[in-house]
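Remarks on the overall topology
The lines below spell out each chain.
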Amino acid sequence: MTTDTSNGKTLTGWHVFAIFGGGFSIIIAVNLLLAYQAVHTFPGLEVKNSYVASQTFDADREAQNALGWTVAATATDDRLSVSITDANGDPVKTTQISGVLGRATHTGDDSAPAFVWTGSAYEAPVALAPGYWNLRLLATARDGTTFRQRIQLRVKGAL
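Quick caveat: nothing in here was measured; it's all calculated off a predicted structure. (Residues numbered from 1 in each chain as written. Predicted model: local features only at pLDDT ≥ 70, side-chain atom pairs only at ≥ 80, totals over all residues. Heavy atoms only, no water.)

**Details of the sheet that holds strand β7 (residues 122-125)**
Remark on secondary structure: sheet strands pair via backbone hydrogen bonds, oriented parallel or antiparallel. Worth spelling out the cut-off: Strands were regarded as paired on the criterion that DSSP finds at least two bridges between them. What counts as a helix is a DSSP run of H or I of at least four residues, what counts as a strand is a run of E of at least two, and both are numbered from the N terminus.
In spatial order, the strands read β3-β4-β7-β6; together these 4 strands make up an open sheet with antiparallel pairing. At either end of the open sheet lies a strand with only one pairing partner, and these are β3 (70-76) and β6 (116-117). As defined by bridge partners, β3 adjoins strand β4 (residues 79-85) across 7 bridges and the pair is classed as antiparallel. Looking at the pairing, alanine 72 lines up with serine 83 of β4.

Given below as structure tokens:
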């Protein structure tokens, strides 16, 4: 079947097939590129060896829960503030604290904040763009118990 167009050229079945084939080829190529980028840029790792980490998970969790700590984090004015309180609501000063601050989707913006004790919380200078951030906190209690927690932060942009 052929169709005459207004400019006098004929549109045949092969032309329609080529148009559809070209369109779907572009869609498939873009999907493959996006899938490659998603897998290539997302590390997807919490621990290097999940089997080894699973062997002490329950004991580690129970020891951490026994501390009774509550953690809150805020990011304002280029500062990250992390407050740790015990079961009585009193500030906790740890023997060691560190963390990795980054985006959930890639590791390109990861940084290690330099926390300083202020008497009631830990603070660190940071420069965060608007959006969602994760703080993977690692602290050590005075009794040697390791405390790990991932804290989600939302940094609001200028309106």
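**Some details on the side chain of asparagine 134**
Worth spelling out the cut-off: For every residue, the accessible area obtained with a 1.4 Å probe (protein chains only) is divided by the maximum for its type, and the residue is called buried under 20%, exposed over 50%, and partly exposed between those limits. By definition in these notes, contact holds between two residues if any of their heavy atoms fall within 4.5 Å.
Mapped onto the secondary structure, asparagine 134 falls in strand β8 (residues 131-140). For asparagine 134, a relative accessible area of 8% gives the class buried. Residues in contact with asparagine 134, not counting those within four places in the same chain, are Val100, Leu101, Gly102, Ala104, Arg150, Ile151 and Gln152.

**What about the nonpolar core?**
If you look at soluble globular proteins, the nonpolar side chains tend to sit buried side by side. Our working rule: As used here, the term nonpolar core means buried Ala, Val, Leu, Ile, Met, Phe, Trp, Tyr and Cys residues forming a set that is joined through side-chain atoms within 4.5 Å.
Ranked by internal contacts, the top residues of the largest apolar core, which has 24 residues, are Val82, Ile84, Phe115 and Leu137. Counting residues per element, the ones that place at least two in this core are β3, β4, β5 (96-102), β7, β8 and β9 (146-155). Leave out the neighbours within four places in its chain, and leucine 137 touches Val71, Val82, Ile84, Ile97, Ser98, Gly99, Phe115, Phe147, Arg148, Gln149 and Ile151.

**A look at the environment of aspartate 90**
Here aspartate 90 lies in the loop between β4 and β5. Taking relative accessible area as the criterion, aspartate 90 reaches 41% and is therefore assigned partly exposed. For the pair formed by aspartate 90 and serine 120, sequence separation is 30 residues and the distance between their alpha carbons is 8.5 Å. Non-local contacts of aspartate 90, meaning those with residues more than four positions away in its chain, are made with Ile84 and Thr85.

**Some details on the pattern of salt bridges**
Inclusion rule: When a carboxyl oxygen of Asp or Glu is within 4 Å of a side-chain nitrogen of Lys or Arg, the pair counts as a salt bridge.
In the structure shown here, the tally under the stated rule is 4 salt bridges. A salt bridge links arginine 103 to aspartate 109; its shortest N-O distance comes to 3.7 Å. Arginine 136 is the partner of aspartate 110 in a salt bridge, and the nearest nitrogen-oxygen pair spans 3.5 Å. Placement of the pair is aspartate 110 in the loop between β5 and β6 and arginine 136 in strand β8, with a sequence separation of 26 residues. On the basis of relative accessibility, which here comes to 30%, the residue arginine 136 falls in the partly exposed class.

**Some remarks on the pairing of β4**
Bridge count for β4 against β7 is 4 bridges, and the pairing is antiparallel. Residue pairing for β7: arginine 79 is matched across the bridge by proline 125.

**Brief notes about the sheet that holds β8**
The following threshold applies: Only the stretch in contact is used when fitting a helix axis, every axis being a line fitted to C-alpha atoms; angles between N-to-C directions are given from 0 to 180 degrees.
Pairing is antiparallel in the open sheet, where 3 strands are placed in the order β5-β8-β9. Pairing within the sheet leaves two strands with one partner each, and these edge strands are β5 and β9. Averaged over all adjacent pairs, the angle separating strand axes in this sheet is 20°, with direction ignored. Here β5 runs beside β8; their pairing, made up of 7 bridges, is antiparallel. By the bridge assignment for β8, isoleucine 97 is matched with alanine 139.

**Points about the packing of aromatic side chains**
Any aromatic ring pair is given by two values, namely how distant the centres are and how the planes are angled relative to each other. Stated precisely, the cut-off is as follows: A pair of aromatic rings is counted whenever rings of Phe, Tyr or Trp (Trp by its six-membered ring) have centres within 6.5 Å, and the orientation is called stacked for planes under 30 degrees apart, edge-to-face for over 60 and tilted otherwise.
All told, the structure shown has 3 aromatic pairs when counted by the stated rule. Between tryptophan 14 and phenylalanine 17, the ring centres sit 6.1 Å apart and the planes meet at 90°, which makes this aromatic pair edge-to-face. Here phenylalanine 17 and tryptophan 14 lie together in helix α1 (residues 13-41), a separation of 3 residues that amounts to about one turn. An identical accessibility class is assigned to tryptophan 14 and phenylalanine 17; each is exposed. Consider the rings of tryptophan 69 and phenylalanine 147, whose centres lie 5.1 Å apart with planes at 50°: the pair is tilted. Note that tryptophan 69 is positioned in the loop between α3 (57-67) and β3 and phenylalanine 147 in strand β9, a separation of 78 residues in sequence. Of the two residues, tryptophan 69 and phenylalanine 147, both sit in the buried class.

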